[in-house]
Amino acid sequence: MKKSVFGVIGISIIAVMAYFIIVSSDGDDSKGNKTLNIRELVNDYSIGAKTAEAASITSEQLVVTNSDGESTYALPEDDFFVSIAPYIEETHPCAIHSLTGCRGELANQNFDVHIEDTEGNIYLDEVMTSQANGFIDLWLPRDKTYHVTIEQDGKKVESEIATFVSDDTCITTMQLMDK
């Protein structure tokens, strides 16, 4: 009798421990067991590593639409996503960036990108390559105004962008012109 009681207790302890190990492990994020990295998720849709019928990003959330419905993901409180498509001849009007639909003219090309805020703090000063969709994706601190300079092969464009809650996440108005 004692052996069977200890056996049941032992099996129960093992079962409970196994349950807690499974619940606390990093599993598939669709099961809610993994901490969602919104930056990675946005990037995956942007570069086509993840597919959806539609995926768009506002100043506050990522919205993904598939045949089984719509999912929304809150963006970080301190970071603002913006995607810029520099162009020479062709562009399209846009305000809310479609990670699965927007296409820029200058895909897979290198650009000198310089971004600073109104106080002169430099946030970015490097060569960046546009993605296959022709856009350069950026995460900037929220609630600021920035001066953006983009240069390529003797052409240049300068513009102001802002990262407040009502601002656009898709910038398609930056036409590169001869210096």
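Residues numbered from 1 in each chain as written. Predicted model: local features only at pLDDT ≥ 70, side-chain atom pairs only at ≥ 80, totals over all residues. Heavy atoms only, no water.

Q: I tried to follow the sheet that holds strand β7 (residues 122-129) on my own but got confused; where do I start?
A: In a beta sheet, neighbouring strands pair by backbone hydrogen bonds and run either parallel or antiparallel. Strand order in the open sheet formed by five strands is β7-β6-β9-β10-β12, with antiparallel pairing between adjacent strands. Sheet topology places β7 and β12 (177-178) at the edges, where each strand pairs with a single neighbour. As paired elements, strand β6 (residues 110-117) and strand β9 (residues 145-152) share six bridges and run antiparallel to each other. Looking at β9, one finds that Asp117 is bridged to Tyr146. (Pairing = 2+ DSSP bridges. Helix = DSSP H or I, 4+ residues; strand = E, 2+ residues; numbered from the N terminus.)

Q: Is there a simple way to explain the nonpolar core in this structure?
A: Nonpolar side chains in soluble globular proteins generally cluster together in the buried interior. Membership of the largest hydrophobic core comes to 20 residues, with the highest contact counts inside it found for Ile84, Val113, Ile115, Leu138, Ile150 and Ile161. Contributing elements (two or more residues each) for this core: β4 (79-84), β6, β7, β8 (136-141), β9 and β10 (155-162). If you look at the next biggest cluster of nonpolar residues, it comprises 13 residues, including Leu41, Leu62, Leu75 and Trp139. (Core = buried A, V, L, I, M, F, W, Y, C linked by side-chain atoms within 4.5 Å. Buried < 20%, exposed > 50% of the residue type's maximum accessible area, 1.4 Å probe, protein only.)

Q: In this structure, what is going on with the packing of aromatic side chains? I would like to understand it.
A: For any pair of aromatic rings, geometry is given as the distance between the ring centres together with the angle between the planes. According to the stated counting rule, one finds two aromatic pairs in the structure shown. An angle of 65° between the planes, with centres 5.3 Å apart, marks the rings of Phe81 and Trp139 as edge-to-face. Taken together, the residues Phe81 in strand β4 and Trp139 in strand β8 connect sequence positions 58 residues apart. (Phe/Tyr/Trp six-rings, centres within 6.5 Å; stacked < 30°, edge-to-face > 60°.)

Q: I would appreciate a short explanation of the pairing of β6 in the present structure.
A: The side chains of a regular strand alternate between both faces of the sheet. In the sheet, β6 pairs with β7 via seven bridges, with the strands oriented antiparallel. Bridge assignment links His114 to a residue of β7, and that residue is Asp125. Remark: four residues form the turn of the hairpin made by β6 and β7, two consecutive strands paired antiparallel; Gly120 in that turn has positive phi of roughly 90°.

Q: What exactly am I supposed to notice about helix α2 (residues 38-47) here?
A: Three or four residues apart is the spacing at which side chains of an α-helix point the same way, because the helix has 3.6 residues per turn. Among the residues making up α2, those that are buried are Ile38, Leu41, Val42, Tyr45 and Ser46. Seen from one end, α2 has its buried residues packed into an arc of 135°, which puts them on one side. Capping the start of α2 is the job of one residue whose side-chain oxygen sits 3.1 Å from the backbone nitrogen of Arg39: Asn37. Where α2 terminates, the next one or two residues include Gly48, which has phi positive at roughly 85°. (Arc of directions from axis to C-beta. Polar contact = N/O pair within 3.5 Å; in protein donor to acceptor, adjacent residues only side chain to side chain.)

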